[in-house]
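# Report on the structure
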2 protein chains.
Amino acid sequence: MKIGIPLETASGETRVASIPEVVKKLIGKGFEVMVEAGAGARAGYPDDDYAAAGAQLTDRAGAFDVDLLLKVRRPDTADVEALRPGGLYIGLLESCGDDEILSAMLAKGMRVLGMERMPRTSRAQSMDALSSQSNIAGYRATLEAAARYGRFLPMMMTSAGSAKPARLIVLGVGVAGLQAIATARRLGADVYAYDVRPETQEQIRSLGAKPIELDLGESGAGEGGYAKELSEEAKAKQQAALSDQLAKAHIIITTALIPCRPAPVLVTEDVVKRMRPGSVIVDLAAANGGNCPLTVAGEIVERHGVTIVGLTNFPALVPADASAFYARNLANLIEIMVAPSESGPVIKDLAEDDITAAMLVKPAA
Amino acid sequence: MKIGIPLETASGETRVASIPEVVKKLIGKGFEVMVEAGAGARAGYPDDDYAAAGAQLTDRAGAFDVDLLLKVRRPDTADVEALRPGGLYIGLLESCGDDEILSAMLAKGMRVLGMERMPRTSRAQSMDALSSQSNIAGYRATLEAAARYGRFLPMMMTSAGSAKPARLIVLGVGVAGLQAIATARRLGADVYAYDVRPETQEQIRSLGAKPIELDLGESGAGEGGYAKELSEEAKAKQQAALSDQLAKAHIIITTALIPCRPAPVLVTEDVVKRMRPGSVIVDLAAANGGNCPLTVAGEIVERHGVTIVGLTNFPALVPADASAFYARNLANLIEIMVAPSESGPVIKDLAEDDITAAMLVKPAA
């Protein structure tokens, strides 16, 4: 059975769906692996390393003409044409509903597994790309904030006087938020965090940060560990109570995302105006409209003296580890999908396993 | 007595020679302070804050027509023309010897104090701008390296597998090197450091890093705590012994500077070729020719798969704290330079104090 690893062609993408170390393991399980030349170059994995791992280097068509295509980003129209009819596709689909690209893939008789649809169960944890990539995004978001902030993050006592630690607030305490907090604590910032789910307060404290407590009259805990959308009344209450806290922050990292919904506004223009000049906001929800209305997706802008970072692909800024984690997520998934046979690994019935059943894209009704 | 604070006009410069908090203290001592409009804006200090501190906002000519001009960067020809004849000037001169700009200032009957010439005595420590700015450069250099490195700096144990800590080597353990080490340790990197002065090994260990020990047959400890230039034989020995260590590094931060001499080559092209793709070198000696021959001053380049950062003004990337520290250095210096009188502060005889005597620029013989 042939696995294909093409070069990712989305603008700004530097990741690759598998790395030499993982390719070697797949080959050990009896797969043939076709890697498009240059696929790993931007992530720090040269062609030679794939070849040494046993992969066959090929052109783009060769990487697509396979039984199982592994991808990071959503395919484009040309990709769909190049896919082998009846094949299997695994990747992030970046799609919430009906979708021409997905329909075209299904029309080719393909089976498509969306990595975003991974169930949030403990058995699926090692395959969860949203988690692994959010972890990296949270780490990198704090570094980005620190690099764009005109002062030290840690307290500094020097012969030229002392500097107070930066006051940093993280909004949304999922995987990205927790890693942003942990990294900011490493760097010595004075860290506060807020999430609509009250059970996060203990996690915040365990990282040495302080939870911001607001009384909203309802909980924002939704299904599967994700946040749910709040009522309009609770949203207004939240915004007013948060504003005074946020205006005192020197750095805000927002990570409040609700799957397939516009991101909630948490940092208003009024808050930005009240922040000290030189403050920094990193909006990890930029691609979904942003947690701040002044955020411009894909750009870094200055508004009212505050730098607002709207970059939409933080994992691509840490491409070697982001690719390594993603590749391991895929390998762990493939592990439960295949059974050995005399002629090599064969794909099991994907509807029979909870994980693959949940991930499988079904034709629109 | 009037003090002037002009806008810094050097390309890429964001710092300012004084900040509102320090301006307020100077005014409390009886100085009048003239601040050019917009002088602190890029450092995060708006005009309103200077006005609230008691400064007079003025145009550029007004900021130069003063008894005592405070500057960060070397003046240009237009600046020298605008200076008041017979006045006093304090700033970084960025000059090692004969110099038309300095000669022109002296020809106007000015007294010029060069901040680089600050003696390295404990009494002068609170006035030492090279130290305060190097401290900031070291902090920011590690952040720059972390932001350009495609992997985590800390060890990470995740459900998608673990990541090893980055192996980071700091070359040159002065003020910048020590702060680079401290920041890399905060971020969880595995840190090694090397300096020609054996007495730095204890400092390296005290920060949780490991000293690299090489036998050169001579010590590189020079006068006043600076490094001295090694003999050709010792240099060759050093380079060969270091190369194997450096080739294993994922991040190298070089800070080896010898005042008024070209920077020594410590990271050869051969080492760069041997480093893992995606590695990062931050060369803090870029302005003096670099500790790596592939460094391009003022630029970030990729050579042999390694990112080489040759930015020459790291303190300007942390302008609020860099300006605050510089402003306090100047204020501490002014403190020992003036005596109170009924008509306000007067300048003492600058030749009588060791510190100001050492800083005073003398006409070329």
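In this text, all values refer to a predicted model and were calculated from it rather than measured experimentally.

### Looking at the interface of chain A and chain B
Counting residues at the interface gives 42 residues for chain A and 41 residues for chain B. Buried area between chain A and chain B, both sides added, is near 3,400 Å², and the carbon and sulfur share of it is 59%. Where chain A packs against chain B, one counts 14 residue pairs in polar contact (both at pLDDT 80 or more). Taken together, the elements giving at least two residues each to the side of chain A that touches chain B come down to helix H6 (129-148), strand S7 (156-158), strand S8 (161-163), helix H7 (175-186) and helix H11 (319-337) of chain A. Grouping the amino acids of the side of chain A that touches chain B by side-chain chemistry returns 22 nonpolar, 15 polar and five charged.

### As for the sheet that holds strand S15 (residues 306-309) of chain B
All names here are of chain B. Here seven strands make up an open sheet; going across it, the order is S11-S10-S9-S12-S13-S15-S14 and the pairing mixed. A strand with exactly one partner marks an edge of an open sheet, and here the two such strands are strand S11 (210-211) and strand S14 (300-303). Bridge count between strand S13 (residues 280-283) and S15: three bridges; the pairing is parallel. Bridging from a neighbouring strand, Val 280 pairs with Thr 307 of S15.

### What about the pattern of salt bridges?
Summed over all chains, the structure comprises 42 salt bridges over all chains. When the shortest N-O distance is used, the salt bridge between Asp 190 of chain B and Lys 210 of chain B registers 2.4 Å. In this pair, Asp 190 of chain B is assigned in strand S10 (residues 190-194) and Lys 210 of chain B in strand S11, connecting sequence segments 20 residues apart. One network of salt bridges, in which partners are shared, links Glu 13, Arg 15, Arg 73 and Glu 94 of chain A.

### Quick look at the domain arrangement of chain A
All names here are of chain A. When the domains of chain A are assigned, the result is domain 1 (2-117 + 319-359) and domain 2 (134-316). Computed from C-alpha atoms alone, the centre-to-centre distance between domain 1 and domain 2 is 34 Å. Contact with domain 1, which involves ten residues of that partner, is made by six residues of domain 2. At the boundary of domain 1 with domain 2, the tally comes to zero salt bridges. On the surface where domain 1 and domain 2 come into contact, there are three residue pairs in polar contact (both at pLDDT 80 or more). Grouping the amino acids of the side of domain 1 that touches domain 2 by side-chain chemistry returns four nonpolar, two polar and four charged.

### Details of the state of the cysteines
Residue and element names in this part refer to chain A. Enumeration according to the criterion identifies two disulfides over all chains in this entry. One disulfide bridge connects Cys 96 with Cys 260, the sulfur atoms lying 1.9 Å from each other. A torsion of -90 degrees about the S-S bond marks the disulfide between Cys 96 and Cys 260 as left-handed. Pair noted here: Cys 96 is in the loop between strand S5 (88-91) and helix H5 (100-107) and Cys 260 is in the loop between strand S12 (251-254) and helix H10 (269-274), with a separation of 164 residues, a long-range link.

### A look at the relation of the copies chain A and chain B
Aligned on chain B, chain A shows an RMSD of 0.0 Å; the corresponding rotation is 180 degrees and the shift along the axis is 0.0 Å. In short, the pair behaves as if placed about a two-fold rotation axis. When C-alpha positions in chain A are compared against the rotation axis, the closest is assigned to Arg 186 of chain A, at 2.7 Å. Interface residue correspondence from chain A to chain B reaches 98%, placing this contact among same-surface, isologous pairings.

### Quick look at the sheet that holds strand S2 (residues 32-36) of chain B
Whether parallel or antiparallel, the strands of a sheet pair through hydrogen bonds between backbone atoms. Residues and elements named next belong to chain B. Spatially, six strands are ordered S3-S2-S1-S4-S5-S6 in an open sheet, and the strand pairing comes out parallel. Sheet topology places strand S3 (56-58) and strand S6 (111-114) at the edges, where each strand pairs with a single neighbour. Taken over all neighbouring pairs, the strand axes of this sheet differ in orientation by 20 degrees on average, direction set aside. Strand direction decides the pairing type here: S2 and S3, joined by three bridges, are parallel. Looking at S3, one finds that Val 35 is bridged to Leu 57. In this fold helix H11 (residues 319-337) packs onto strand S1 (2-5), strand S4 (68-70), strand S5 (88-91) and S6, with an angle of close to 140 degrees to the strand it touches most, S5.

### Here we look at the packing of aromatic side chains
Inspection of the entire model under this criterion finds four aromatic pairs over all chains. Note on Phe 152 of chain A and Tyr 139 of chain B: the rings are 4.7 Å apart at their centroids and 65 degrees apart in plane angle, and the pair reads as edge-to-face. Note that Phe 152 of chain A is positioned in the loop between H6 and S7 and Tyr 139 of chain B in helix H6 (residues 129-148), a pairing that runs across two chains. One exposure class covers both Phe 152 of chain A and Tyr 139 of chain B, and it is buried. For the ring pair Phe 325 of chain A and Phe 152 of chain B, a centre distance of 5.9 Å and an interplane angle of 40 degrees mean the geometry is tilted. Taken as a pair, Phe 325 of chain A in helix H11 and Phe 152 of chain B in the loop between H6 and strand S7 (156-158) lie in two separate chains rather than in one. Just as Phe 325 of chain A is buried, Phe 152 of chain B falls in that class too. Each member of the aromatic cluster is reached from another via a ring pair, and the members are Tyr 139 and Phe 325 of chain A together with Phe 152 of chain B. Of note, Arg 167 of chain A hangs over the ring of Tyr 192 of chain A, and the distance from its end group to the ring centre comes to 4.2 Å.

### Some thoughts on the nonpolar core
Core analysis: the biggest nonpolar cluster contains 161 residues, and Met 115 and Leu 153 of chain A together with Met 115 and Leu 153 of chain B have the highest contact counts within it. Setting aside residues no more than four positions away along its own chain, Met 115 of chain B makes contact with Ile 90, Gly 91, Leu 92, Met 127, Ala 129, Tyr 326, Asn 329, Leu 330, Leu 333 and Met 359 of chain B.

### Quick word on the pairing of S5 of chain A
All names here are of chain A. Here S5 shows no split at all, with Leu 88 and Ile 90 on one side and Tyr 89 and Gly 91 on the other all buried. Bridge count for strand S4 (residues 68-70) against S5 is three bridges, and the pairing is parallel. Its bridge partner lying in S5, Leu 69 is registered against Tyr 89. In the classification by handedness, the crossover that spans S4, the intervening helix H4 (residues 77-82) and the parallel S5 is right-handed. Strand direction decides the pairing type here: S5 and strand S6 (residues 111-114), joined by four bridges, are parallel. Following the sheet pairing, Tyr 89 is matched in S6 by Val 112.

### A short note on the environment of Thr 356 of chain A
All names here are of chain A. By secondary structure assignment, the location of Thr 356 is in helix H12 (residues 354-359). Look at Thr 356 and you get buried, because its relative accessible area is 2%. Distance from Thr 356 to Arg 117, taken between C-alpha atoms, is 9.1 Å for residues 239 residues apart in sequence. Every residue in contact with Thr 356, bar those within four places of it in the chain, is listed here: Leu 113, Leu 333, Met 337 and Leu 350.

Rules used throughout
- Residues numbered from 1 in each chain as written.
- Chains lettered and ligands numbered in written order.
- Predicted model: local features only at pLDDT ≥ 70, side-chain atom pairs only at ≥ 80, totals over all residues.
- Heavy atoms only, no water.
- Contact = heavy atoms within 4.5 Å.
- Buried area = accessible area lost by both parts, 1.4 Å probe.
- Polar contact = N/O pair within 3.5 Å; in protein donor to acceptor, adjacent residues only side chain to side chain.
- Helix = DSSP H or I, 4+ residues; strand = E, 2+ residues; numbered from the N terminus.
- Nonpolar A, V, L, I, M, F, W, Y, C, P; charged D, E, K, R; others polar.
- Pairing = 2+ DSSP bridges.
- Salt bridge = Lys/Arg side-chain N within 4 Å of Asp/Glu carboxyl O.
- Domains from an automatic or database assignment.
- Disulfide = S-S within 2.5 Å.
- Least-squares fit on C-alpha atoms with pLDDT ≥ 70 in both.
- Axes fitted to C-alpha atoms, helices over the stretch in contact; angles between N-to-C directions.
- Phe/Tyr/Trp six-rings, centres within 6.5 Å; stacked < 30°, edge-to-face > 60°.
- Buried < 20%, exposed > 50% of the residue type's maximum accessible area, 1.4 Å probe, protein only.
- Lys NZ or Arg CZ within 6 Å of the ring centre and 35° of its normal.
- Core = buried A, V, L, I, M, F, W, Y, C linked by side-chain atoms within 4.5 Å.
- Right-handed = clockwise from strand over helix to strand, strands pointing away.

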